[in-house]
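Residues per chain, in single letters:
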4 protein chains.
Amino acid sequence: MLKMQQITEEIVRHVIQPRQQESHKGTFGRVMTIGGNTHFGGAIIMSTSAAVYSGAGLVTCATAPQNFVSLHARLPEAMVVDYQDYAAVAALMPQMDCIVIGPGLGTDATALAVLKFVFSRVQPQQNLIIDGSAITLIATHQLALPHAKLIFTPHQMEWQRLSGIKLPQQTPAQNQRVQQQLGADVIVKAHRTEIYLANSSTVWQNPVGSAAMATGGMGDCLTGILAGFLAQFTQNRGQSILAAIYSHSKISDNLAKQQYVTLPTQIITALPHFMAQMAG
Amino acid sequence: MLKMQQITEEIVRHVIQPRQQESHKGTFGRVMTIGGNTHFGGAIIMSTSAAVYSGAGLVTCATAPQNFVSLHARLPEAMVVDYQDYAAVAALMPQMDCIVIGPGLGTDATALAVLKFVFSRVQPQQNLIIDGSAITLIATHQLALPHAKLIFTPHQMEWQRLSGIKLPQQTPAQNQRVQQQLGADVIVKAHRTEIYLANSSTVWQNPVGSAAMATGGMGDCLTGILAGFLAQFTQNRGQSILAAIYSHSKISDNLAKQQYVTLPTQIITALPHFMAQMAG
Amino acid sequence: MLKMQQITEEIVRHVIQPRQQESHKGTFGRVMTIGGNTHFGGAIIMSTSAAVYSGAGLVTCATAPQNFVSLHARLPEAMVVDYQDYAAVAALMPQMDCIVIGPGLGTDATALAVLKFVFSRVQPQQNLIIDGSAITLIATHQLALPHAKLIFTPHQMEWQRLSGIKLPQQTPAQNQRVQQQLGADVIVKAHRTEIYLANSSTVWQNPVGSAAMATGGMGDCLTGILAGFLAQFTQNRGQSILAAIYSHSKISDNLAKQQYVTLPTQIITALPHFMAQMAG
Amino acid sequence: MLKMQQITEEIVRHVIQPRQQESHKGTFGRVMTIGGNTHFGGAIIMSTSAAVYSGAGLVTCATAPQNFVSLHARLPEAMVVDYQDYAAVAALMPQMDCIVIGPGLGTDATALAVLKFVFSRVQPQQNLIIDGSAITLIATHQLALPHAKLIFTPHQMEWQRLSGIKLPQQTPAQNQRVQQQLGADVIVKAHRTEIYLANSSTVWQNPVGSAAMATGGMGDCLTGILAGFLAQFTQNRGQSILAAIYSHSKISDNLAKQQYVTLPTQIITALPHFMAQMAG
């Protein structure tokens, strides 16, 4: 029996706890972000930056080598690896708590090969956030899904491609039916984003956010926050996902009091301050 | 019968409305900026940044590949494409609501070829902002103008080349005569910029701005604001153009209370805040 | 007889004295940072930036040429040289007051060769800060240590590799025994970092810092502060080392009042202001 | 008869006048900065940035192509040209009001060739600021000086090389004797910088500045401010030079109230605000 519920700030405050002092960077998880072809390098820069600024312990970006310099010029905190250097990617993947694939990946043969390689190596206990063109590739090529903790972050058109449910028929009940077949967490991004969690009959709705977020890269930014939260806040995956989504939008709402549009890079910069407020 | 009128803040407030909440990034338009050769890459970076910060939904920059990294290091929100990869440019162009051509394009054979290609593909319903060296190329090579919603942004010397009217003879009446032949919107940039709108006998004058704006790149910045406004504010093209011009100068005036010179990149950064004030 | 003592703010205030006015950039020392392969370029960018922002007079970064552009995009104040251009490195090394080797160096054949070259050229009066993968290389390849003022900055696992003391046995007494054999200053980074100074029986503990620092690049940042302090504050090496460690953590504590995580690049930016407070 | 006098804030306030409103970017001058080899690219980035932020109308940087991306990532307002593309440099030079040569130029054969080329093309009415390695090259190769408005900006060691006066003998009288032979403006940078103006018997001393400025790149920054001031403030060259030097140091003094070291890039950022205060 389907139940609708709204994410609350209490959930966020519950998830973002003060950090345990006896810890080191490994305590807060390892994240790999995979994407960014020669046209869409900005997308993976934003995803990676969001993972770092949300507090992931160690972040490696697997991308086209053409993006290494722009990434490091903005974010020296991250490491880089050529996403087509499969030996290097394979060597790094087992350490990861959370992997993001999709931002700026594109849909060409290189993208497909990278996606297939990641699917062949991801392990059941790892979080795998699948975004943007990676979703389109799965739908187009009818790829079998790997055994891992999958999180899909489609917007409504991507969800149509993946689920086969046409946009006007994307009701909570229909969405949940396909989500449960996928056995994954699914975040359907829209004016009011809906979240379908694996192993839960509740459909969650994001009550915050506004049209000030309707700008390119906003979804890329969300993938990094999701990764950062899942890497650090491991007590309750579902709640961490909800908290990431709410935080992303709530930061925009805070900025939007004084801005007509809120850019992904501004939301990223504001993460450490917002999270301190939630933890405080 | 020619009428002179000054742009007012009321026009800006009328154009920049609070965003409709049921929306997505597509709602706020797609922009392509075309320019930036190996010497003048900064110009297209500024134009593209202004489009993003003024709130265009999705922005793609077509430029020399040498500029990809510097653009992404400043602005991961934008996508990039090689401006000489005509297949890729042709595939993207039909989606665009607004195209800017000219900032940092140069006047060599490559520039001419790119310009001609864009002229051959632009569609009647698309806004095409023609700036800087693109204007010079049209004048020099007597290029036929394409069927599109053309906006020219010459400074007075470029206007002389395009219109054939020598600088001392650039009276409103003379300017309007040629502008009406062109069937385009024309913005003649000067100490007091004048705007000649298609389908209107009124000549608009920009009452704001100061010599603090007299620095390289200021015109490139304007093209991006124009593109962002035309992509989002589609109710009244003429008013959107006037609002973009006024906003560009008014932000400088605000900054100039505390700065001797106001740089284009500073005006870009201030856009979201200024627009919130106008919409509020 | 081993004595434990905590670093105090008084030590920092004692080290960071108002600058002597009759001086020039040479007065404040020359630093070379060596590291940053094609994957870990961010690490050497952060080390180099911390040296500049902590006030070193002149800073040169020896790194893979792929990192030159990202470094200069962030930090034009530093000079660059290819770390495999041994002639150039050898020509520069004799001028240096302090050399950092290790951040982002990696552990491959190139890294080993660079490390060996530096060991062959460093001079007894020079400070040589050995960090990260350089420590691992020494342990793995059992490299003989050069005659210089050595400072090791291992985290606990790296210290296990270098000292042979398993992590659970890393007691102050055991650590000090090996440190004295090394004849070096050793900084064992942990939740509460411990410092073993050459020529001193006191074991120092860092009382500040928090889990907000548990993020990638934090140790790279520390190497640069150490280098900057050793290059400038030459009266008492031991106290300068202690002051650098305390400052690094205390700045994070200040930021952590409002941030959930504190990034290395934010600590770097805050250095000049913090140091003014200590000197004031 | 030699007279010593201190630069005053009144001179700065006299030089930096409110801008004439009937103007355009050409009104405020064209600057070319030449330097930045593959090791010292940061130097020319800082010089160029200082020219832009001090209000020069149009600024072109002639440098090694490896520096184009880092320059544009920081400063899209400037144009770039390969400093070894002599045809391009020659085509641009005649438009310039002020040329800077030296920051990060180096002293190798390429540097010498570039310097000689610029000397062969500079025109008598142009300001030519000669800095750093360009001064060393002149001394080493005993280059004949071109007919132009020369401004030398040596530190004391460079002045020794150029003038032949050993550092301990660098008295005002000795310095002035050689400066008058050179027929140039000479700025001898030291703890208290001294300025020897062409056509004046007064030796000026800079009363502001502190050891917080003793960091790499500070001189590069000064060349850009000098260029910006000479390009804009053309009424009295000598006073413009004095005002540039004072402004550079005074901005540092303002920052040094809260900073232990003041970086060149911070001084650059503060220029527009400081200049507004002086003009106000």
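Up top you'll find the structure we're talking about.
Residues numbered from 1 in each chain as written. Chains lettered and ligands numbered in written order. Predicted model: local features only at pLDDT ≥ 70, side-chain atom pairs only at ≥ 80, totals over all residues. Heavy atoms only, no water.

A. Up close: the pattern of salt bridges. All names here are of chain D. Going through the model one piece at a time under the given rule, you end up with twelve salt bridges over all chains. When the shortest N-O distance is used, the salt bridge between Asp131 and Lys189 registers 3.4 Å. With Asp131 in strand β6 (residues 127-131) and Lys189 in the loop between β8 (185-188) and β9 (194-196), this pair connects stretches of sequence that are 58 residues apart. Comparing Asp131 with Lys189 shows no difference in burial state: the two are buried. (Salt bridge = Lys/Arg side-chain N within 4 Å of Asp/Glu carboxyl O. Helix = DSSP H or I, 4+ residues; strand = E, 2+ residues; numbered from the N terminus. Buried < 20%, exposed > 50% of the residue type's maximum accessible area, 1.4 Å probe, protein only.)

B. Seen up close, the environment of C:Ile99. For C:Ile99, the position within the fold is in strand β5 (residues 98-101). Those residues within four positions of C:Ile99 in sequence are excluded, and the remaining contacts are C:Met32, C:Ile34, C:Met93, C:Val118, C:Val122, C:Gln126, C:Asn127, C:Leu128 and C:Ile129. (Contact = heavy atoms within 4.5 Å.)

C. The environment of A:Ala109, seen in detail. All names here are of chain A. Among the secondary structure elements, Ala109 is positioned in helix α5 (residues 109-121). The class of Ala109 is exposed, set by a relative accessible area of 63%. Along the primary structure Ala109 and Leu137 are separated by 28 residues, whereas in three dimensions their C-alpha atoms are 9.9 Å apart.

D. Region of interest: the packing of helix α10 (residues 237-256) of chain B against helix α11 (residues 264-279) of chain B. All names here are of chain B. Contact pair α10 / α11: the axes reach a minimum separation of 10 Å and the direction vectors enclose 100 degrees. Our classification of the angle between α10 and α11 gives roughly perpendicular. On α11, the residues touching Ser247, His248, Lys250, Ile251, Ser252, Asn254 and Leu255 of α10 are Gln266, Ile267, Ala270, Leu271 and Phe274. Class assignment of the residues belonging to the contact of α10 with α11 gives a composition of six nonpolar, five polar and one charged. (Axes fitted to C-alpha atoms, helices over the stretch in contact; angles between N-to-C directions. Parallel < 35°, antiparallel > 145°, perpendicular 65-115°, else oblique. Nonpolar A, V, L, I, M, F, W, Y, C, P; charged D, E, K, R; others polar.)

E. Inspection of the sheet that holds strand β1 (residues 3-6) of chain A at higher detail. All names here are of chain A. Reading across the sheet, the ten strands line up as β1-β10-β9-β8-β7-β6-β5-β2-β3-β4 and stay open at both edges, with mixed pairing between neighbours. Each edge of the open sheet carries a strand with a single partner, namely β1 and β4 (79-82). Taking each pair of neighbouring strands and ignoring which way they run, the sheet shows an average axis angle of 20 degrees. Judged from the four bridges that link them, strand β2 (residues 30-34) and strand β5 (residues 98-101) form a sheet pairing that is parallel. Residue pairing for β5: Thr33 is matched across the bridge by Val100. (Pairing = 2+ DSSP bridges.)

F. Fine view of the packing of aromatic side chains. Residue and element names in this part refer to chain A. On inspection of all chains with the given rule, the structure shows twelve aromatic pairs over all chains. Taking the centre distance of 4.5 Å and the plane angle of 10 degrees together, the rings of Tyr86 and Phe117 count as stacked. One end of the pair, Tyr86, is in helix α4 (residues 86-92); the other, Phe117, is in helix α5, with 31 residues separating them in the sequence. Overall, Tyr86 belongs to the partly exposed group, its relative accessible area being 27%. (Phe/Tyr/Trp six-rings, centres within 6.5 Å; stacked < 30°, edge-to-face > 60°.)

G. Local environment of the interface of chain C and chain A. Listed by partner, the interface residues are 28 residues for chain C and 35 residues for chain A. Summed over both partners, the interface of chain C with chain A comes to about 2400 Å²; 61% of that surface belongs to carbon and sulfur atoms. Per-residue buried area on chain C facing chain A is highest for C:His39, C:His191 and C:Tyr260; these three make up 30% of the total on that side. On the surface where chain C and chain A come into contact, there are twelve residue pairs in polar contact (both at pLDDT 80 or more). Among the elements of the structure, α2 (41-53), α3 (68-74) and α11 (264-279) of chain C are those that each provide at least two residues to the side of chain C that touches chain A. Take the side of chain C that touches chain A: its biggest share by element is five residues, from α2(C). Across the side of chain C that touches chain A, the residue classes tally to 13 nonpolar, 14 polar and one charged. (Buried area = accessible area lost by both parts, 1.4 Å probe. Polar contact = N/O pair within 3.5 Å; in protein donor to acceptor, adjacent residues only side chain to side chain.)

H. Quick peek at the arrangement of the chains. Between chain B and chain C there is no contact; the minimum C-alpha to C-alpha separation amounts to 8 Å. The closest approach of any C-alpha atom in chain A to one in chain D is 8 Å; the two make no contact.

I. Layout of the relation of the copies chain D and chain C. Mapping chain D onto chain C calls for a rotation angle of 90 degrees and an axial translation of 0.0 Å; the resulting RMSD is 0.0 Å. When the rotation and shift are considered jointly, the pair of chain copies conforms to a four-fold rotation axis. Residue D:Ala73, judged by its C-alpha, is the member of chain D lying nearest the rotation axis, at 4.2 Å. Different-surface contact between copies: only 11% of interface residues of chain D are shared with the interface of chain C. (Least-squares fit on C-alpha atoms with pLDDT ≥ 70 in both.)

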